[in-house]
Amino acid sequence: QVQLVESGGGLVQAGGSLRLSCVASGIILSINTMGWYRQAPGKQRELVAVIRSGGSTNYADSVKGRFTISRDNAKNTVYLQMNSLKPEDTAVYYCNADGKTALFRSFNIWGQGTQVTVSS
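Summarised in this report is the structure supplied together with it. As the structure is a prediction and not an experimental result, all values here were calculated from the model. (Residues numbered from 1 in each chain as written. Predicted model: local features only at pLDDT ≥ 70, side-chain atom pairs only at ≥ 80, totals over all residues. Heavy atoms only, no water.)

### Focus: the pattern of salt bridges
Spelled out, the test is: The salt bridge criterion pairs a side-chain nitrogen of Lys or Arg with a carboxyl oxygen of Asp or Glu, the two atoms within 4 Å. When accessible area is computed with a 1.4 Å probe and restricted to protein chains, residues below 20% of their type maximum are described as buried, those above 50% as exposed, and intermediate ones as partly exposed.
Tallying each qualifying case throughout the model produces 4 salt bridges. Glu-46 is the salt-bridge partner of Arg-38, the closest N and O atoms lying 2.8 Å from each other. Judged by relative accessible area, which is 7%, Arg-38 ranks as buried. Glu-46 gets classed as partly exposed once you look at its relative accessible area, which sits at 36%. When the shortest N-O distance is used, the salt bridge between Lys-64 and Asp-61 registers 3.1 Å. Accessibility expressed as a relative area gives 63% for Asp-61, which makes it exposed. Each member of the salt-bridge network shares a partner with another, and the members are Arg-38, Glu-46, Arg-66 and Asp-89.

Have a look at this one:
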């Protein structure tokens, strides 16, 4: 069974930085896309950034130039470096990954979420 565990959330003042990490564990053959999504109170979950196995990335317009997604394939880990944080970045941030297990079963899973709160 594959699991994702996020870390790195917290409380930060506007203009500050945080780095989120997400580690995939289990008997994993390969991971295709890893990404970060967020959900603010009363709003739908939205894409923040994704990174594919080849390294290509996509970002939400609202975070371009401020957030950077990266991954360490050897560690099955994805990171989200968040700079110049704004109060509107406050949300629960969720990690997502899709790939195949060593039994060649496909998976698409979510982490439990980590709270990011940006104070003004």
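Structure's up, so let's keep going.
### Quick word on the pairing of strand β11 (residues 114-119)
Applied cut-off: Here a strand is any run of E in DSSP of at least two residues, a helix any run of H or I of at least four, and the numbering for each starts at the N terminus. Strand pairing follows a simple DSSP-based rule, namely that at least 2 bridges must link the two strands.
Residues Thr-114, Val-116 and Val-118 point to one face of β11 and are all buried, whereas Gln-115, Thr-117 and Ser-119, pointing to the other face, are not buried. The pairing of strand β2 (residues 10-13) with β11 spans 4 bridges and is classified as parallel. Across the sheet, Gly-10 pairs through a bridge with Val-116, a residue of β11. Across 3 bridges, the pairing between strand β9 (residues 91-101) and β11 is antiparallel. Opposite Ala-91, over in β11, you have Val-116 as the bridge partner.

### Some remarks on the environment of Tyr-59
Just so we agree on the cut-off: Any two residues whose heavy atoms approach within 4.5 Å at even a single point are treated as in contact. As used in this structure description, the phrase polar contact means that two N or O atoms lie within 3.5 Å; if the pair is within protein, one of them must be able to donate a hydrogen and the other to accept it, and residues adjacent in sequence are counted only when both atoms belong to side chains.
Note that Tyr-59 resides in strand β6 (residues 57-59). Remark: the alpha-carbon pair of Tyr-59 and Arg-19, spanning 40 residues in sequence, is separated by 16 Å. Aside from chain neighbours lying at most four places away, what touches Tyr-59 is Val-48, Ala-49, Lys-64, Phe-67, Thr-68 and Ile-69. A polar side-chain atom of Tyr-59 sits 2.9 Å from the main-chain amide nitrogen of Ile-69.

All we've got here are geometric facts, nothing functional implied.
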